[in-house]
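Observations on the three-dimensional arrangement
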Amino acid sequence: MDQKVYKLLNEQINAELYSAYLYMSFADYYEEEGLDGYANWYMVQAAEERDHALIFRNYLHENGQHVSLGAIAQPDKTFSNYLEPLEAGLEHEKLVTSLINSIYAAADEVKDYRTMKFLDWFIEEQLEEEATAVDMITKMKLFGGDARSLYELNQEYATRTYSVPSPLAAE
Ligand code: FEO
C-alpha cells in the first residue's frame, strides 16, 4: 500500500475515535441538561463512530498493514445553549468529510482502486451525517424555544437505537 494512503487511513482511525469521544461529550451535556433523548441520540452516534474506526482498522489488517493507535484528543467544548452542540456536530462532520475526501484523492493519485471502493461507503455516510446534522439544527431553531415542542423532539431522539453499520455487519 502507498505510504501516504496508509498514513491517512491509519490517522482516520484516530479521527473516528475522536468523533466518538466528542459525541459522548455532547451526550454528557444534554444528559446534564435533562434532555435524555438528545443524550441517547449522541450516545448511539458515538457507538457508530467507534464502529467507523473499526472499519478502518479492519481494512488495514485485511491489507496486511500495521495498525498504529495514537492518543485521542480531549473534547474540550463547553456549551451555553442547546443549539451549540448541534452546530459543532455539523462543523465536525464537514471536517470528517474533508478527511475522507483527502484519503480518496490520495488513493486516486496512485490508482489504489481498492481503497477508493472501500471509501465509497464513507462518502455516502458523510452525506447522510451532514444532512442529519442540518436537520437537527433546523428543528432546534424552529421548535427549541417552545417547551412542549422541545419535549416532543427529545422524545423522538430517545427512540434512536444502535445498529451495526453494514461494512461491519458483513464481516
Ligand atoms: Fe464517522 Fe460521523 O463520521
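Residues numbered from 1 in each chain as written. Predicted model: local features only at pLDDT ≥ 70, side-chain atom pairs only at ≥ 80, totals over all residues. Heavy atoms only, no water.

A few words now on the layout of surface pockets. Taken as a whole, the largest pocket spans an internal volume of roughly 310 Å³. Residue lining of the largest pocket: 19 residues in total, with Gln 45, Glu 48, Glu 125, Glu 129 and Arg 160 positioned closest to the centre. Mapped by element, the contributors of at least two residues to the lining of the largest pocket are α2 (36-62), α3 (83-109) and α4 (113-143). The element best represented in the lining of the largest pocket is α4, accounting for 6 residues. Split into classes, the residues belonging to the lining of the largest pocket amount to 7 nonpolar, 6 polar and 6 charged. (1 Å grid on protein atoms, 1.4 Å probe; cavity = no way out; pocket = protein on both sides within 12 Å on 5 of 7 lines; lining within 4 Å. Points joined across faces, edges and corners; volume = space filled by probe spheres on them. Helix = DSSP H or I, 4+ residues; strand = E, 2+ residues; numbered from the N terminus. Nonpolar A, V, L, I, M, F, W, Y, C, P; charged D, E, K, R; others polar.)

The next subject is the packing of aromatic side chains. The full count for this structure, using the stated rule, is 16 aromatic pairs. Judged by centre distance (6.1 Å) and plane angle (5°), the rings of Tyr 30 and Tyr 42 are stacked. Taken together, the residues Tyr 30 in helix α1 (residues 3-33) and Tyr 42 in helix α2 connect sequence positions 12 residues apart. Each of the two residues, Tyr 30 as well as Tyr 42, counts as buried. (Phe/Tyr/Trp six-rings, centres within 6.5 Å; stacked < 30°, edge-to-face > 60°. Buried < 20%, exposed > 50% of the residue type's maximum accessible area, 1.4 Å probe, protein only.)

Turning our attention to the environment of Val 5. Within the secondary structure layout, Val 5 lies in helix α1. According to the relative accessible area criterion, Val 5 is buried, its value standing at 0%. Counting along the chain gives 97 residues from Val 5 to Ser 102, while the straight-line C-alpha distance between them is 9.2 Å. Discounting chain neighbours no more than four positions away, the residues touching Val 5 are Ala 106, Ala 107, Val 110, Asp 112 and Thr 115. (Contact = heavy atoms within 4.5 Å.)

By the element assignment, Gln 12 lies in helix α1. Owing to a relative accessible area of 3%, Gln 12 belongs among the buried residues under this scheme. Each residue touching Gln 12, except ones within four places of it in the same chain, is listed here: Phe 56, Val 96, Leu 99, Ile 100 and Ile 103.

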